[in-house]
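Breakdown of the fold
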Amino acid sequence: MVGDGGDEPIIHFVLVHGATHGAWCWYKLTTLLLSAGFKATTVDLTSAGINLTDANTVFDFDHYNRPLFSLLFGLPRHHKIILVGHSIGGASVTEALCKFTDKISMAVYLVADMVQPGSTSSPHSIMTVGEEQEDLWEFTYGEGADKPPTSAQMKEEYRRHYFYSQSPLEDVILASKLLRPCPVRALRGPYGGEVGTISVVYTGGE
């Protein structure tokens, strides 16, 4: 049962975006979930979407995830949270599982980095700077050229191929106006600690 208020159990989807994206990228799925009678909430992580923090000033993964943690902390106990993360948003899901195990009913890694709790690195390619990454990404060195990059944004000519190969052109154009650099330093981890028993779903893609 979806639930409609009071202390009745309410199935509540919380959707976490990937690198350079924001809450806006879930608008189609959110519409479907709400139309089906579920509760669905999206969140802009620090420096993403309409969160105006400069990505070059976000060095800590907890700082990056603070809007998600604040949201989860404030949700009532009778909300049965299904936490969904996409891409590097999977690392944020892992971090949230470590902090809010008792509140989250299920975690869904939707074509996402399934980062292990306590891991000190992510399999996501943007976390390492090499010749291939520099071809695809525009890096900003906010602390100087002799220091690691502080933020990154995929170059415009590669976005449709890597991000939106199955999306209509109007969605690609809209997204191009909304993408923002992601805080590379923060996304390098470490990620979480210990997690209790919880249902986990992973869905891959082609």
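Keep in mind that what you see is a predicted model, and the values were worked out from it rather than measured.

The rules behind the values
- Residues numbered from 1 in each chain as written.
- Predicted model: local features only at pLDDT ≥ 70, side-chain atom pairs only at ≥ 80, totals over all residues.
- Heavy atoms only, no water.
- Helix = DSSP H or I, 4+ residues; strand = E, 2+ residues; numbered from the N terminus.
- Buried < 20%, exposed > 50% of the residue type's maximum accessible area, 1.4 Å probe, protein only.
- Polar contact = N/O pair within 3.5 Å; in protein donor to acceptor, adjacent residues only side chain to side chain.
- Contact = heavy atoms within 4.5 Å.

Below, the discussion takes up the side chain of T150. Tracing the backbone through its elements, the reader meets T150 in the loop between β5 (137–140) and β6 (151–154). Exposure remark for T150: the relative accessible area of 0% places this residue in the buried category. Engagement of the side chain of T150 in a polar contact is seen with the backbone nitrogen of G142, the distance being 2.9 Å. If we ignore the near neighbours within four places in the chain, the residues touching T150 are A55, N56, F59, T140, Y141, G142, E143, C182, P183, V184 and R185.

Below, the discussion takes up the environment of G85. Residue placement: G85 occurs in strand β3 (residues 79–87). In the structure, G85 is positioned 70 residues away from L15 in sequence and 6.1 Å away in space, judged by C-alpha atoms. Once residues lying within four places of it in the same chain are set aside, the contact partners of G85 are V16, G90, V93, V108, Y109, L110 and A112.

One non-glycine residue, T20, adopts positive backbone phi at about 70°. Locating T20 in the fold gives a position in the loop between β1 (10–16) and α1 (27–35). The backbone phi angle of S47 is positive, close to 85°, even though this residue is not glycine.

Read these as layout, nothing more, since geometry by itself doesn't imply function.
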